[in-house]
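Report on the structure
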Amino acid sequence: MRLYCATTNRGKLREFQLAFEDLFQVETLPGLSSIPVCEETGATFEENAIQKALYYSKHCEGLLFVDDSGIEVDALGDAPGVYSARFAGPDATDEANNHLVLERMRGIADRTARFVCVVALAESGRLIQTFRGAVEGLLTEEPRGANGFGYDPLFFYPPFGCTFGEAPPERKMKVSHRGRALRMLRDYLTASLPGIR
């Protein structure tokens, strides 16, 4: 069965496909590059995920999901939060975002942080359900590891004894914010759709 997603982020697409590889064929929304980008104006991950799901699901037949996710750093008042992808500016790279977070955290002892992900499922402009996942960790003082994307090299997960950037993708997906939200989506779909195991 085909399940559409609306993302241009290759790292997210890999994780989406990994989460559903034995159950659904996850594909990027056809023609996504020609659809005007949905402006994210929400104050929360939930608001942005819902906004994007309603918007992009009008452009396809079938089920579509989107995620809105980011990192919340306690010492920064939960920033970058919904601005995680553009913390260092509208066209910021992962490296620029990481650098700015580390710069703002220089000399700060409280390094607690969490990744948050909200996945919204919609069909034809109608919201079906949202799913929220979160994972707690600590910010490192410098990037570590070449795996993952975004803030993964800065996010130390104590049970692993390493950053998400150092963890193999399959291991990260078992505990990550996105992995948790996608498992909830997967459970919902398997319970709701006939013929899906």
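In the block above lies the structure referred to throughout.
Residues numbered from 1 in each chain as written. Predicted model: local features only at pLDDT ≥ 70, side-chain atom pairs only at ≥ 80, totals over all residues. Heavy atoms only, no water.

Per the counting criterion, the structure on display carries 11 aromatic pairs. Taking 4.9 Å as the distance between ring centres and 80 degrees as the angle between the ring planes, the aromatic pair formed by Tyr 55 and Tyr 56 counts as edge-to-face. Residue Tyr 55 is classed as partly exposed on the basis of its relative accessible area, which comes to 26%. Where Tyr 157 meets Phe 160, the ring centres are 4.9 Å apart and the plane angle is 85 degrees; that geometry is what we call edge-to-face. Aromatic ring contacts, followed pair by pair, group Phe 115, Phe 155, Tyr 157, Phe 160 and Phe 164 into a single cluster. Across the ring face of Phe 160, the terminal group of Arg 171 is positioned such that the distance to the ring centre comes to 3.8 Å. (Phe/Tyr/Trp six-rings, centres within 6.5 Å; stacked < 30°, edge-to-face > 60°. Buried < 20%, exposed > 50% of the residue type's maximum accessible area, 1.4 Å probe, protein only. Lys NZ or Arg CZ within 6 Å of the ring centre and 35° of its normal.)

Attention shifts here to helix H5 (residues 177–192). For an α-helix the count is 3.6 residues per turn, leaving residues at separations of three or four pointing the same way. In this model H5 runs 23 Å from its N-terminal to its C-terminal C-alpha over 16 residues, within 8% of the 22 Å that 1.5 Å per residue would give. Every buried residue of H5 is accounted for by His 177, Arg 178, Gly 179, Ala 181, Leu 182, Leu 185, Arg 186 and Leu 189. For H5, the elements touching its buried residues are strand E1 (2–5), helix H1 (10–20), strand E3 (63–73), strand E5 (112–123), strand E6 (126–139) and helix H4 (169–175). (Helix = DSSP H or I, 4+ residues; strand = E, 2+ residues; numbered from the N terminus. Expected span 1.5 Å × (residues − 1). Contact = heavy atoms within 4.5 Å.)

Turning our attention to the side chain of Thr 140. Note on placement: Thr 140 falls in the loop between E6 and strand E7 (155–157). According to the relative accessible area criterion, Thr 140 is buried, its value standing at 8%.

Moving on: the state of the cysteines. Inspection of the entire model under this criterion finds zero disulfides. Counting only cysteine sulfurs, Cys 60 is the nearest neighbor of Cys 38, a cysteine outside any disulfide, at a range of 14 Å. We classify Cys 38 as buried; its relative accessible area is 9%. Cysteine Cys 60 shares no disulfide, and the gap to the nearest cysteine sulfur, in Cys 5, comes to 10 Å. Looking at Cys 60, the relative accessible area reads 11%, which means it is buried. (Disulfide = S-S within 2.5 Å.)

Moving on, we come to the packing of H1 against H5. The N-to-C vectors of H1 and H5 enclose an angle of 45 degrees; their axes lie 10 Å apart at closest approach. By the angle class used here, H1 and H5 are oblique. Every pair of crossing elements has a handedness; the one defined by H1 and H5 is right-handed. On H5, the residues that touch Lys 12, Glu 15, Phe 16, Ala 19 and Phe 20 of H1 are Arg 178, Leu 182, Leu 185 and Arg 186. (Axes fitted to C-alpha atoms, helices over the stretch in contact; angles between N-to-C directions. Parallel < 35°, antiparallel > 145°, perpendicular 65-115°, else oblique. Left-handed = near helix turned anticlockwise from the far one by under 90°.)

This paragraph deals with the layout of surface pockets. Counted as a void, the largest pocket has a volume near 1,000 Å³. In this structure, the largest pocket is lined by 37 residues; those nearest its centre are Thr 8, Asn 9, Lys 12, Glu 40 and Ala 85. Elements represented by at least two residues in the lining of the largest pocket include exactly H1, helix H2 (45–57), E3, helix H3 (94–105) and H5. A breakdown of the residues in the lining of the largest pocket according to their chemical character gives 14 nonpolar, 11 polar and 12 charged. (1 Å grid on protein atoms, 1.4 Å probe; cavity = no way out; pocket = protein on both sides within 12 Å on 5 of 7 lines; lining within 4 Å. Points joined across faces, edges and corners; volume = space filled by probe spheres on them. Nonpolar A, V, L, I, M, F, W, Y, C, P; charged D, E, K, R; others polar.)

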